[in-house]
There are 2 protein chains.
Amino acid sequence: MKVLVSEVGPRDGLQSIQQQMATADKIAWIRALAAAGVREIEVGSFVHPKWLPQLADTPEVVTAALQIPGLHVVALAPNLHGARGAMESGAHAINVPIAASQAHNMANVRMSCEESIEALREICLARDALPGPHRPTIEVGIASAFGCTREGKVSEDWVMRMAVTLAEAGADAVGLSDSVGYANPAQIRRMFTRLISEIGAERVGGAHLHNTRGQGLTNALAALDVGITTLDASQGGIGGCPYAPGATGNIVTEDLVFMLEAMGVDTGIRMDGLLAARKVLAEALPGEALYGHVPDAGLPKGFSYADGSPIAA
Amino acid sequence: MKVLVSEVGPRDGLQSIQQQMATADKIAWIRALAAAGVREIEVGSFVHPKWLPQLADTPEVVTAALQIPGLHVVALAPNLHGARGAMESGAHAINVPIAASQAHNMANVRMSCEESIEALREICLARDALPGPHRPTIEVGIASAFGCTREGKVSEDWVMRMAVTLAEAGADAVGLSDSVGYANPAQIRRMFTRLISEIGAERVGGAHLHNTRGQGLTNALAALDVGITTLDASQGGIGGCPYAPGATGNIVTEDLVFMLEAMGVDTGIRMDGLLAARKVLAEALPGEALYGHVPDAGLPKGFSYADGSPIAA
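Time to look at the overall build of chain A. Of the regular secondary structure elements, chain A holds twelve helices and eight strands. Relative to the 2.2 N^0.38 estimate, which gives 20 Å for 313 residues, the radius of gyration of chain A is 18 Å and therefore close to what a compact globule would have. Each principal axis of the C-alpha atoms in chain A carries an extent, and together these give about 55 × 40 × 40 Å. Looking at chain A as a whole, 56% of its 313 residues qualify as buried. In chain A, 73% of the contacts between residues at least 6 apart in sequence involve partners at least 24 apart.

If you want it as structure tokens, here you go:
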């Protein structure tokens with residue numbers, strides 16, 4: 001079995017950190033991640049620099065990332081304007097975040113859910129107008145799918161209706177996001193199972209999970225159990241959601257890769273490479289807290305990767 | 001569904017901390033845990049005070065804990081001498097740790113695996129010689145069942161042979177321990193499933209899991225998935241194994257209880273009570289690091305317990 005660990009640190013991590021990482025450092029970090037075997041990286045966000053100055057260099061970063069052989073380059077865009085920028089940049093995929101909670105979506109992208117769905121439709125039409133080889137895939141992550149810091153419980157029926165509408169509007173993939181750490185494993189299994197039956201496995205995107213309440217890896221395991229094979233994570237667990245109070249901490253890439261490889265699930269990623277990339281990150285963001293247990297504890301004695309290869313000497 | 005969260009902080013936590021908690025503080029902490037709804041607590045260890053001076057007051061602590069209505073009081077004993085002490089104390093259950101790794105067992109209790117198995121047999125005979133109402137249950141946790149910091153991989157066949165031998169020798173329950181944080185969810189599911197088939201579900205004890213590599217909760221979820229309904233945890237994640245380098249951190253009780261209750265699994269434990277007990281712990285161990293995400297992040301808005309009751313006002 002194979003899983004795609006999609007690294008979101010350069011976007012979700014850096015957007016919620018006060019320090020601004022230099023463009024050259026971002027590119028060095030992305031290259032180091034790719035060298036570790038990471039096959040997909042969300043490298044930036046096409047939003048107005050007024051809102052996220054940390055990601056103002058996204059076009060340059062995309063251009064550099066596209067030079068890395070075999071890397072699938074993702075960029076976030078919240079609206080048609082951003083998506084046009086992403087299309088011009090040549091990114092392979094565009095991640096469009098739409099929250100299931102009206103309050104969260106308004107705070108995040110200053111649109112109602114319905115306006116965001118309409119924007120997604122326009123983005124898909126813009127994509128369809130491009131010549132075939134230049135069409136990026138359009139992926140939606142439904143945020144606050146498992147609950148909202150403002151609204152509390154979010155209707156599962158509504159989340160599913162949104163997913164169906166988004167798929168019908170032309171999204172290539174629809175995933176579920178828990179950027180506030182509200183989800184539990186039973187809910188993850190129930191909702192992803194339902195999502196698969198509502199829009200078909202081939203349209204189901206990944207799970208974007210945060211570790212706010214310590215449930216990041218359990219929720220990733222739960223998603224894996226019901227057939228989800230794309231899992232977002234952030235090196236060092238950096239990141240959160242700047243508009244969701246207390247919502248710090250993506251799943252730590254290092255710990256997720258360890259879990260998967262130890263279970264016999266092939267990620268193609270190697271821990272020594274990840275630790276080298278972590279060093280690049282740590283040097284580029286002096287004083288920033290990096291999380292993760294495996295970087296501290298090391299791999300178990302006798303550990304081998306899913307493909308049978310042992311720890312590098 | 002119900003799960004027994006067995007609190008091991010007063011034993012496993014305190015034994016690996018330099019500071020010595022005052023007896024009165026231990027008793028206050030145990031009372032606060034019980035008031036939060038914790039139904040089983042491992043309150044101490046009958047080992048020579050030369051080895052674990054932090055637990056030298058175990059007989060007094062057991063006596064006090066036995067006064068708490070409804071609380072199941074567990075004490076650890078590594079050998080017959082300790083078990084006799086535990087039996088005299090009136091503890092309801094005795095936890096006998098035996099490692100599957102010869103090197104670990106020797107370091108931990110200064111006996112070979114075979115000597116520990118023989119000691120367990122003697123402990124069971126001593127129990128059988130007591131009048132019925134005074135017989136404690138004898139529970140074995142097979143340590144380093146998922147790997148060993150000294151020996152690396154541990155044979156699963158050997159672990160199963162040990163479990164069968166221990167059950168035949170009279171152990172009421174045999175569980176599996178990962179005090180070094182080597183286990184992964186696939187291994188947990190495979191080995192507990194096999195343990196149930198080897199010795200029968202009624203003889204299978206709990207899962208004792210550590211968070212050394214961030215896998216504590218995922219492994220707990222994996223154990224739950226295959227029918228394990230007793231899960232050890234430690235308030236604030238304190239503890240480790242003093243003889244296993246780098247093996248710090250039990251599963252955090254607060255985060256485990258949140259996971260279970262959020263999933264709809266009834267623990268009988270309430271978070272406000274746990275936080276009150278955590279305050280007692282923090283005041284009794286000034287400066288000691290306490291872990292856990294839920295204590296920092298709080299319960300999600302709209303959260304309700306497995307039995308339907310909402311967050312206390």
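Okay, the interface of chain B and chain A next. With 32 residues of chain B at the interface, the matching set in chain A holds 32 residues. Among the secondary structure elements, those contributing two or more residues to the side of chain B that touches chain A are helix H8 (185-199), helix H9 (216-225), helix H10 (253-263) and helix H12 (294-297) of chain B. Considering each element in turn, the side of chain B that touches chain A owes the most residues, five residues, to H10(B). In terms of residue class, the side of chain B that touches chain A is made up of 13 nonpolar, 15 polar and four charged.

To continue, consider unusual backbone geometry. Residues and elements named next belong to chain B. Residues other than glycine seldom take positive phi values, yet Arg110 does so here, at roughly 55°. By secondary structure assignment, the location of Arg110 is in the loop between helix H5 (102-109) and helix H6 (113-128). If you check the backbone angles, Ser144 has positive phi at about 45° while not being a glycine.

A separate point is the relation of the copies chain B and chain A. With an RMSD of 0.0 Å, the fit of chain B onto chain A corresponds to turning through 180° and sliding 0.0 Å along the axis. Both copies are brought into coincidence by an operation consistent with a two-fold rotation axis. Distance from the rotation axis, computed per C-alpha, reaches its smallest value in chain B at B:Thr218: 2.2 Å. Both copies share a contact surface, since 100% of the interface residues of chain B are interface residues in chain A too.

This part covers the pairing of strand S7 (residues 204-209) of chain A. All names here are of chain A. Within S7, six of the six residues are buried, which leaves it mostly tucked inside the rest of the structure. Direction of pairing for strand S6 (residues 173-178) relative to S7: parallel, over a ladder of four bridges. Within S7, the residue paired with Ser177 across the bridge is His208. After leaving S6, the chain enters helix H8 (residues 185-199) and then returns to the sheet as S7, a path that is right-handed.

Residues and elements named next belong to chain A. Within strand S5 (residues 137-143), six of the seven residues are buried, which leaves the element mostly enclosed by the surrounding structure. The pairing of strand S4 (residues 93-99) with S5 spans seven bridges and is parallel. Considered in S5, the bridge of Ala99 is made with Ala143. Inspection of the sheet shows S5 paired to S6 by four bridges, in the parallel sense. Bridging from a neighbouring strand, Val140 pairs with Val174 of S6.

As a further point, take helix H3 (residues 58-65) of chain A. Residues and elements named next belong to chain A. Residues Thr58, Val61, Val62 and Ala65 constitute the buried set of H3. The buried residues of H3 occupy an angular sector of 100° when the element is viewed end-on, so they sit on one face. Where the residues of H3 are buried, they touch helix H2 (23-35), strand S2 (40-45), strand S3 (72-76) and helix H4 (80-89).

All right, on to the packing of helix H2 (residues 23-35) of chain B against helix H11 (residues 271-284) of chain B then. Residues and elements named next belong to chain B. Here H2 crosses H11 at 170°, and the two axes come no closer than 8 Å. Regarding the angle of H2 to H11, the classification is roughly antiparallel. In this structure, H2 uses Asp25, Ala28, Trp29, Ala32, Leu33 and Ala35 to contact H11, whose residues at the interface are Gly273, Ala276, Ala277, Val280, Leu281 and Ala284. Its residues assigned to classes, the contact of H2 with H11 comprises ten nonpolar, one polar and one charged.

Turning to H8(A), a few remarks are in order. Since the α-helix turns once every 3.6 residues, residues separated by three or four places project in the same direction. With 15 residues, H8(A) should cover 21 Å at 1.5 Å per step; its first-to-last C-alpha distance of 21 Å lies within 8% of that length. Of all the positions in H8(A), only A:Pro185, A:Gln187, A:Ile188, A:Met191, A:Phe192, A:Leu195 and A:Ile199 are classed as buried. With its buried residues spanning 150° around the axis, H8(A) presents them on a single face. Packed against the buried residues of H8(A) are helix H7 (156-168), S6, S7 and helix H9 (216-225) of chain A together with H9 and H10 of chain B. Of the residues flanking the end of H8(A), it is A:Gly200, one or two places downstream, whose phi is positive at about 90°.

On to the nonpolar core. One finds A:Ile142, A:Leu256, B:Ile142 and B:Leu256 to be the most contacted residues of the largest nonpolar core, which totals 189 residues. Once residues lying within four places of it in the same chain are set aside, the contact partners of A:Leu256 are A:Val5, A:Leu217, A:Ala220, A:Leu231, A:Ala233 and A:Ile251.

Here we come to the environment of A:Ala64. All names here are of chain A. In this structure, Ala64 sits in helix H3. Since 19 C-beta atoms lie within 10 Å of it, Ala64 is described here as partly exposed. Residues Ala64 and Met263, 199 residues apart in the sequence, show an inter-C-alpha distance of 34 Å.

All names here are of chain A. Relative to the helices and strands, Ala222 is located in helix H9. Residue classification places Ala222 among the buried residues on the basis of 27 C-beta atoms within 10 Å. Distance in space between the C-alpha atoms of Ala222 and Arg189 is 5.7 Å, their sequence separation being 33 residues. Leave out the neighbours within four places in its chain, and Ala222 touches Pro185, Ile188 and Arg189.

Another aspect to go through is the packing of helix H7 (residues 156-168) of chain B against H8(B). Residues and elements named next belong to chain B. Between H7 and H8, the least distance of the axes is 10 Å, while the angle of their chain directions is 35°. As for how H7 packs across H8, the hand of that crossing is right-handed. In this structure, H7 uses Glu156, Val159, Met160, Ala163, Val164 and Ala167 to contact H8, whose residues at the interface are Met191, Arg194, Leu195, Glu198 and Ile199.

As a further point, take the confidence of the model for chain A. Residue and element names in this part refer to chain A. Mean pLDDT over chain A works out to 94, with 97% of the residues at or above the 70 mark. Taken as a whole, residues 241-247 scores under 50 in pLDDT and shows 22 contacts with residues more than four places along the chain or in a different chain. What the predictor reports for the complex is a pTM of 0.96 with an ipTM of 0.95.

Criteria and thresholds
Residues numbered from 1 in each chain as written. Chains lettered and ligands numbered in written order. Predicted model: local features only at pLDDT ≥ 70, side-chain atom pairs only at ≥ 80, totals over all residues. Helix = DSSP H or I, 4+ residues; strand = E, 2+ residues; numbered from the N terminus. Rg over C-alpha atoms; globule rule 2.2 N^0.38 Å. Buried ≥ 20, exposed ≤ 12 C-beta atoms within 10 Å, placed from the backbone. Contact = placed C-beta atoms within 7 Å. Nonpolar A, V, L, I, M, F, W, Y, C, P; charged D, E, K, R; others polar. Least-squares fit on C-alpha atoms with pLDDT ≥ 70 in both. Pairing = 2+ DSSP bridges. Right-handed = clockwise from strand over helix to strand, strands pointing away. Arc of directions from axis to C-beta. Axes fitted to C-alpha atoms, helices over the stretch in contact; angles between N-to-C directions. Parallel < 35°, antiparallel > 145°, perpendicular 65-115°, else oblique. Expected span 1.5 Å × (residues − 1). Core = buried A, V, L, I, M, F, W, Y, C linked by C-beta atoms within 7 Å. Left-handed = near helix turned anticlockwise from the far one by under 90°. pLDDT = per-residue confidence, 0-100.

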